[in-house]
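# Commentary on secondary and tertiary structure
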Amino acid sequence: MTAGEKRTSEALDQPESKKVHVERGMAAIKPEFIVQKDRIVDSFDDDEAEGGERGVEEGKSGKGGKKKRRGQNKNRDLKQKREEIRLCTSLLDPDNIKTCAYGPEQCRSTHNVEEYLASKPVDIEGICPVFRAIGYCPAGLKCRWLQSHYDKETRKLIKDLGRTEASKIELNYEVNNVSHEARGKLRKKQYDFAIAGKVIEYIDSTVQNDENIANAKEQRKNNEATYVDAPYKIAEKKRLDFRNAKIVSPLTTVGNLPYRRLMKKLGADITYSEMALSVPLLQATNAEWALPKAHRTEYPGYGVQIATSKHWAAAKVAEIISRETEHVSELNLNCGCPIDLLYRQGQGSALLEQPARLVRILKAMNASSGDIPVTVKIRTGSKENKNTAKTLVERLLAENDVAAITLHGRSRQQRYTKEADWNYIAEVGQVVQQWNDKKEENKDSRDTQRTCFVGNGDVFSHVDWYNAVNTDGIDSVMVARGALIKPWIFEEVEAQQYLDKTATERLDILKTFSDYALEHWGTDEYGVGLARRFMCEFLSFTHRYIPLGILERLPPKINERPPQWKGRNEMETLLGSTDYKDWIKITEMFLGKSGDDFVFTPKHKSNSYEKSN
Ligand SMILES: Cc1cc2nc3c(=O)[nH]c(=O)nc-3n(C[C@H](O)[C@H](O)[C@H](O)COP(=O)(O)O)c2cc1C
């Protein structure tokens with residue numbers, strides 16, 4: 001709804017005497033916490049976020065360019081600065097000096113340890129979070145908390161290797177690292193696609209173009225004798241059971257490994273990688289292969305999401321993932337990403353308009369992914385008011401290649417200000433349920449795996465969650481922004497009540513994120529910079545939380561915007577600040593002072609950002 005279309009709604013869940021009149025789309029804040037009534041926080045257009053920085057070329061203004069999206073900061077500078085004097089990584093541990101591949105003369109980093117240590121900024125106070133967690137800090141001399149694990153007398157690192165082993169036993173490590181060897185082969189185009197090769201050949205031979213898929217099915221019906229069976233067998237798949245599972249959506253940029261690890265700790269059952277693109281995966285770029293990595297606690301229940309427009313690329317990626325990783329519970333195809341860049345390449349939500357291509361991709365993935373089941377995430381359709389998901393789902397079920405379907409109740413065209421259509425999600429759920437019932441009745445069928453159906457959109461509390469999962473045909477819910485703005489959402493689901501978290505409790509959550517971020521990105525200058533950046537990205541969602549205790553009425557809604565408010569104490573006010581400079585301040589509580597060269601540009605222009613720029 002636009003600002004000009006304001007309507008008045010009543011708070012129906014309050015007794016008559018307490019009913020308040022609030023503008024539709026506005027959060028009702030108790031008067032004593034309102035700072036400036038007419039200063040309303042801008043609505044957030046989260047669509048851009050789905051593609052992460054891959055969407056930056058969208059929104060160019062000027063001749064021939066696209067209309068600039070309001071409130072978005074394009075061309076964000078996301079690179080973290082590196083130290084001016086860098087220590088060669090061969091010298092990180094004085095007890096274990098390695099051979100430098102370039103030699104001290106050629107190496108671009110310094111081999112003079114004293115010079116390096118003298119150039120380092122003053123250490124961050126306290127105990128190194130990684131050393132505390134695992135008894136050893138891989139950043140060695142580069143650690144920003146070095147004083148906590150360095151003996152100045154002996155000039156040696158302090159290690160507690162007993163603790164390292166213990167933390168490994170506690171499953172405190174990362175998985176799904178694709179080997180250097182496999183990546184090298186990919187880069188040189190020498191990887192042996194033993195399964196995908198056959199699958200691609202078969203799909204190519206049976207289907208030359210989109211129309212032929214329909215023809216092939218017709219041919220199969222009319223003339224069974226001439227139909228050639230696929231020259232490969234589809235492996236038996238691991239079973240998925242999503243009934244009432246607490247699921248965190250795939251979330252580009254913000255759904256990074258430390259965040260997902262945090263969500264597992266806070267009660268999530270299932271997590272997904274950020275969307276990885278098939279082409280850079282096949283080119284073996286390190287950044288793309290970082291995406292399927294997971295924390296050990298995420299498995300089982302960890303899905304890798306990919307985006308692609310080609311069945312051959314899908315088959316190859318599926319084979320690599322099934323052969324080179326050991327901790328993937330499902331392989332998910334993204335058919336929802338709305339950003340122009342991917343859409344124009346036929347990826348993400350573009351596949352909704354090309355069902356034959358989509359079916360081909362899923363078939364290729366399913367046949368090449370070994371025992372990893374294939375799942376898909378779709379939207380209601382491409383255009384607003386023209387839902388196509390039902391027909392699409394019928395077709396996907398008939399092809400029998402997906403173990404689960406997630407439906408985000410919005411079209412590609414629809415922006416986030418409009419609510420997700422849960423009535424339509426329920427209708428599609430019925431289609432899946434009828435299909436599953438029929439399968440169950442057909443006792444002769446060898447394939448008795450039911451297809452799971454998951455709804456997605458605007459779930460922000462246990463009330464929304466139970467409304468969804470108690471609907472016939474809906475197995476569970478994927479939660480995206482709700483789990484970013486309110487990371488304790490699954491605790492509410494478990495407790496079946498709203499939880500009024502204090503600022504201190506919310507800070508504890510951020511502290512855990514900070515610790516996990518440092519374990520993942522490292523405690524050297526560069527790692528701390530990354531941890532700070534991704535913590536700011538996280539805070540760009542957490543700050544949207546309006547504390548329960550200052551709300552005049554329930555339920556809180558994800559899309560409601562508040563007038564400028566203050567919290568019940570200073571910390572609560574700070575945690576709700578829309579100013580990215582305050583977010584940096586919050587990171588400093590855990591990550592030390594940010595240097596002058598730390599750069600963070602928020603994705604959304606907040607009120608204060610616009611004011612100060
Ligand atoms: C920051 C952000 C990043 C997202 N990244 C992805 C992604 O990589 N893959 C995907 O399928 N959906 C992505 N989405 C969409 C969400 O998974 C989800 O479908 C959508 O936000 C609706 O759910 P919600 O109303 O619970 O937020 C992203 C959404 C946001 C806000």
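Residues numbered from 1 in each chain as written. Predicted model: local features only at pLDDT ≥ 70, side-chain atom pairs only at ≥ 80, totals over all residues. Heavy atoms only, no water.

The next subject is the site of the ligand. Lining the immediate surroundings of the ligand are 21 residues, of which Thr252, Gln305, Asn456, Asp458 and Arg481 lie closest. Proline 250 has a polar backbone atom sitting 3.1 Å from an oxygen atom of the ligand. Protein chains shield 99% of the accessible area of the ligand, which is 610 Å² for the free molecule. (Near = heavy atom within 4 Å. Polar contact = N/O pair within 3.5 Å; in protein donor to acceptor, adjacent residues only side chain to side chain. Areas by Shrake-Rupley, 256 points an atom, 1.4 Å probe, with all protein chains shown as cover.)

Take the packing of helix H19 (residues 525-542) against helix H21 (residues 580-591) next. Contact geometry of H19 with H21 gives a least axis separation of 9 Å together with a crossing angle of 130°. Put simply, H19 runs oblique to H21. Along this stretch, H19 crosses H21, giving a crossing that reads as right-handed. Contact residues: Val528, Ala531, Arg532, Met535, Cys536, Leu539 and Ser540 in H19; Trp583, Ile584, Ile586, Thr587, Glu588, Phe590 and Leu591 in H21. When its residues are assigned to classes, the contact of H19 with H21 shows ten nonpolar, two polar and two charged. (Axes fitted to C-alpha atoms, helices over the stretch in contact; angles between N-to-C directions. Helix = DSSP H or I, 4+ residues; strand = E, 2+ residues; numbered from the N terminus. Parallel < 35°, antiparallel > 145°, perpendicular 65-115°, else oblique. Left-handed = near helix turned anticlockwise from the far one by under 90°. Contact = heavy atoms within 4.5 Å. Nonpolar A, V, L, I, M, F, W, Y, C, P; charged D, E, K, R; others polar.)

On a regular strand, each side chain points to the face opposite its neighbour's, so the side chains alternate between the two faces of the sheet. Residue alternation in strand E16 (residues 476-479) divides its side chains into two sets, Ser476 and Met478 and Val477 and Val479, and both sets are buried. Here strand E7 (residues 246-248) runs beside E16; their pairing, made up of three bridges, is parallel. Considered in E16, the bridge of lysine 246 is made with valine 477. Here strand E15 (residues 452-456) runs beside E16; their pairing, made up of three bridges, is parallel. Looking at E16, one finds that asparagine 456 is bridged to methionine 478. Taken together, E15, helix H15 (residues 462-469) and E16 constitute a β-α-β crossover, and its handedness is right-handed. (Buried < 20%, exposed > 50% of the residue type's maximum accessible area, 1.4 Å probe, protein only. Pairing = 2+ DSSP bridges. Right-handed = clockwise from strand over helix to strand, strands pointing away.)

Turning our eyes to something else, we now look at the packing of aromatic side chains. Under the definition given, this model contains seven aromatic pairs. Between tryptophan 488 and tyrosine 545, the ring centres sit 4.8 Å apart and the planes meet at 85°, which makes this aromatic pair edge-to-face. With tryptophan 488 in the loop between helix H16 (481-485) and helix H17 (489-495) and tyrosine 545 in the loop between H19 and strand E17 (563-565), this pair connects stretches of sequence that are 57 residues apart. Neither tryptophan 488 nor tyrosine 545 differs from the other in exposure class; each is buried. An aromatic cluster of at least three residues, connected via ring pairs, comprises Tyr259, Phe513 and Phe538. (Phe/Tyr/Trp six-rings, centres within 6.5 Å; stacked < 30°, edge-to-face > 60°.)

What follows deals with the pattern of salt bridges. All told, the structure shown has 30 salt bridges when counted by the stated rule. In this structure, arginine 450 engages aspartate 475 in a salt bridge whose closest nitrogen and oxygen atoms are separated by 3.3 Å. Separated by 25 residues along the polypeptide, arginine 450 in the loop between helix H14 (422-441) and E15 and aspartate 475 in the loop between H15 and E16 bring together distant segments of the chain. (Salt bridge = Lys/Arg side-chain N within 4 Å of Asp/Glu carboxyl O.)

We now examine the environment of tyrosine 202. One can find tyrosine 202 in helix H5 (residues 194-206). Judged by relative accessible area, tyrosine 202 falls into the buried class, the value being 11%. Between the C-alpha atom of tyrosine 202 and that of tyrosine 232, which follows or precedes it by 30 residues, the distance is 9.0 Å.

Following the sequence through the fold, histidine 462 ends up in helix H15. On a C-alpha basis, the gap between histidine 462 and valine 493 in space is 4.4 Å, while along the polypeptide they are 31 residues apart. Ignoring any residue separated from it by four or fewer positions in sequence, one finds histidine 462 in contact with Glu492, Val493, Gln496, Gln497 and Tyr498.

Attention now moves to the side chain of serine 540. Along the chain, serine 540 turns up in helix H19. At 2.6 Å, the side chain of serine 540 and the backbone oxygen of glutamate 537 are in polar contact.

Attention shifts here to the UniProt feature "binding site: FMN" in the protein. According to UniProt, the feature "binding site: FMN" maps to Pro250, Leu251, Thr252, Gln305, Lys377, His408, Asn456, Gly457, Asp458, Ala480 and Arg481 in the numbering used here. Position of asparagine 456 relative to the elements: it lies in strand E15. Leaving out residues up to four positions away in the same chain, asparagine 456 has contacts with Ser249, Lys377, Thr406, Leu407, His408, Gly409, Ala420, Trp422, Ile425 and Met478. Tracing the sequence through the fold places aspartate 458 in the loop between E15 and H15. Sequence-distant contacts of aspartate 458, that is, excluding residues within four places in its chain, are made with Arg410, Glu419, Ala420, Asp464, Arg481, Ile558 and Asn559. From its side chain, aspartate 458 meets the backbone nitrogen of alanine 420 in a polar contact 2.7 Å long. (UniProt positions renumbered as here; feature names shortened; annotations may be inferred.)

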